[in-house]
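So you can see what is in the structure, the chains are spelled out below.
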Amino acid sequence: MSAATNLRSEDQFLCSICLEVFTDPVSTPCGHNFCKNCINQHWNVNVPYRCPMCKEVFTTRPDLRVNTFISEVVAQFRHEAQQKTSSSSSEQQVSKPVEVPCDVCTGTKLKALKSCLVCLTSYCQTHLEPHLTVSSLKRHQLIHPVENLEDRMCRDHDKPLELFCKTDQTFVCIICSVLDHKTHEFVPLKEEYEGKKAELEKTEAEIQQMIQKRRLKIQEIRDSVKINKDDADREKAEGVQVFTALKESVDRGLEQLIKEIEEKQKTTEKQAEHFITELEQEISELMKRSTEVEQLSLSEDHLHLLQSFPSLKAAPPTKDWTQVRVRPSYEGTVVRAVAQLEETLSKEKKKLIEAELKRVQQYAVDVTLDPDTAHPNLILSDDGKQVHCGDVKKNLPDNPERFTRYVNVLGKQSFSSGRFYFEVQVKGKTEWTLGVTRESINRKGEIPLSPKCGYWTLCLRKGNEYKALAGPPVRLSLKSGPENVGVFVDYEEGLVSFYDVGAAALIYSFTGCSFTEKLHPFFCPCNNDGGKNSAPLIICPVNQTE
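First, a word on what this report is: a plain description of the structure on this page. (Residues numbered from 1 in each chain as written. Predicted model: local features only at pLDDT ≥ 70, side-chain atom pairs only at ≥ 80, totals over all residues. Heavy atoms only, no water.)

Another aspect to go through is the packing of helix 7 (residues 189-297) against helix 9 (residues 333-360). Put simply, helix 7 and helix 9 touch, their axes get as near as 10 Å, and they point 165° apart. It follows from the interaxial angle that helix 7 and helix 9 lie roughly antiparallel. In the crossing of helix 7 with helix 9, the sense of the turn from one axis to the other is right-handed. Contacts between helix 7 and helix 9 involve Arg234, Glu235, Glu238, Val242, Ala245, Leu246, Ser249, Val250, Leu257, Glu260, Ile261 and Lys264 on the former and, on the latter, Thr333, Val334, Arg336, Ala337, Leu341, Thr344, Leu345, Glu348, Leu352, Ala355 and Arg359. Per-class residue counts for the contact of helix 7 with helix 9 are 12 nonpolar, 3 polar and 8 charged. (Axes fitted to C-alpha atoms, helices over the stretch in contact; angles between N-to-C directions. Helix = DSSP H or I, 4+ residues; strand = E, 2+ residues; numbered from the N terminus. Parallel < 35°, antiparallel > 145°, perpendicular 65-115°, else oblique. Left-handed = near helix turned anticlockwise from the far one by under 90°. Contact = heavy atoms within 4.5 Å. Nonpolar A, V, L, I, M, F, W, Y, C, P; charged D, E, K, R; others polar.)

In this structure the tally under the stated criterion is 14 aromatic pairs. Between Tyr508 and Phe510 the ring centres are 5.1 Å apart and the planes differ by 80°, which places this aromatic pair in the edge-to-face class. Of the aromatic side chains, those joined through ring pairs into one cluster are Trp43, Tyr49 and Phe58. (Phe/Tyr/Trp six-rings, centres within 6.5 Å; stacked < 30°, edge-to-face > 60°.)

This paragraph deals with the sheet that holds strand 22 (residues 519-524). The strand order 13-22-15-16-17-18 describes an open sheet built from 6 strands, whose pairing is antiparallel. Unpaired on one side and paired on the other, strand 13 (409-410) and strand 18 (474-476) mark the two borders of the sheet. With 6 bridges connecting them, strand 15 (residues 432-438) and strand 22 associate as antiparallel partners. In the strand pairing of strand 22, Leu434 is matched with Phe523. (Pairing = 2+ DSSP bridges.)

Here we take up the pairing of strand 22. Where burial is concerned, most of strand 22 is hidden: 6 out of the 6 residues are buried. Here 2 bridges tie strand 13 to strand 22, and the two strands are oriented antiparallel to one another. Its bridge partner being in strand 22, Val409 is matched across the sheet by Phe523. (Buried < 20%, exposed > 50% of the residue type's maximum accessible area, 1.4 Å probe, protein only.)

With respect to the helices and strands, Glu191 occurs in helix 7. As a C-alpha pair, Glu191 and Gly454 span 263 residues in sequence and 56 Å in three-dimensional space.

Turning our attention to unusual backbone geometry. Phi is positive for Lys55, close to 70°, though the residue is something other than glycine. For Lys55, the position within the fold is in the loop between strand 3 (49-50) and strand 4 (57-58). Although it is not a glycine, Ala504 sits at a positive phi angle of roughly 50°. With respect to the element layout, Ala504 can be found in the loop between strand 20 (495-500) and strand 21 (505-510). Residue classification places Ala504 among the buried residues on the basis of a relative accessible area of 11%.

Below is the structure:
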């Protein structure tokens, strides 16, 4: 049987009084069918006896008998309906605490599928059937099941809330619109609904955009974690390699030190044995001479004593042992071993810094000077890569970004995350200051160059005095002055490092910095000092050699 035939059959099997499928269907003399109990109850309270359908009046109460044909058809229909219900049992679920229950179900409440705004009732699948099949009920407005349908009725006039008062921002019925709110602006609920729905869609789009940004941030953080893990693994590997080499060097140095001391000790012992042997031989000869002298002194033979005296009186064949010493020299042995170790450590340290410099150079950025920030005495090259101090103060607009007291200039580029690196040639200069600074620094008055005031800088003064302007300044002892200075910043790590590029040496690092705003590269070529400091600061291309 087709779905359309099923719907027509259902319509025919509904009692027009209870709107349910017939129970004990009976027929009136006019040919209409009702539940036996429904028509009897109707005629119990309504006299004269009239057909609820065609309104035909019966003079006497008809004798009603069960219509066996319709009863059999209804039984078959109920059987098919039960099969249909069992096949769609997933929809006929018992109502859960968070779900809207059917208002018609007695006993166990099934889950409501729809709510009727006309009937103000929620229906499960079975009790919803009349609204899907009966023509008069099909016109009712069905919505997704909701609770408290009575809240959709005007409490003052018992009418549906069909309008929205834009003046009072509240829901009203049709009677409210002509009484309490007659001078207000109204729109149908649907119109207000469409407007609010459009706003919700816009809000949803904004929320989705925010979600997407946060997902991208999550991915960025995960990528950063992976990069950090790779960096950590690399650092650990390099650390293990360096410290293994140092340990091996220490072990070799200690072994060589012990060997050298033991060899010196053995040499000393052999020399001492040789001296003792030689001394014992001389003692033996002297004892022999002593015996001869003693025997001769006891002789009474005048001639023999006088003849032998010259040979015994002669000095014995001995050497002077006064300056002979057995004292090995261990002084300086340990010092030399430590010096050798320091040399090895210095070589390993240099390798590390060379590798570190090579890594930070990978974050090289293109920096150019910002003429809007340059002091009027500064002369910038056309490409924005060089700056030196002139003798003539140019007539420039005193915009808020410009330095007006000190000969400073900032880079155009700003950075608020990640890592960046740039190099500056300082060759031939006797004074300069380099580094990075916060965007919000004071550019007009007294400018203390310190991290507290937003400056992380390195400077040269008087041709050979290097300082990290850490507040108080830190005096730096460098073997030689750098010709090219590399500046590296890790924003999230709070790190600013300065490198001697030529010597591949770390000059100084600011650590534990707290960056909360944009950072700009900072340059100060200082006054030209009558031409002694006229060489420019030059932003150099980074040579990332293999």
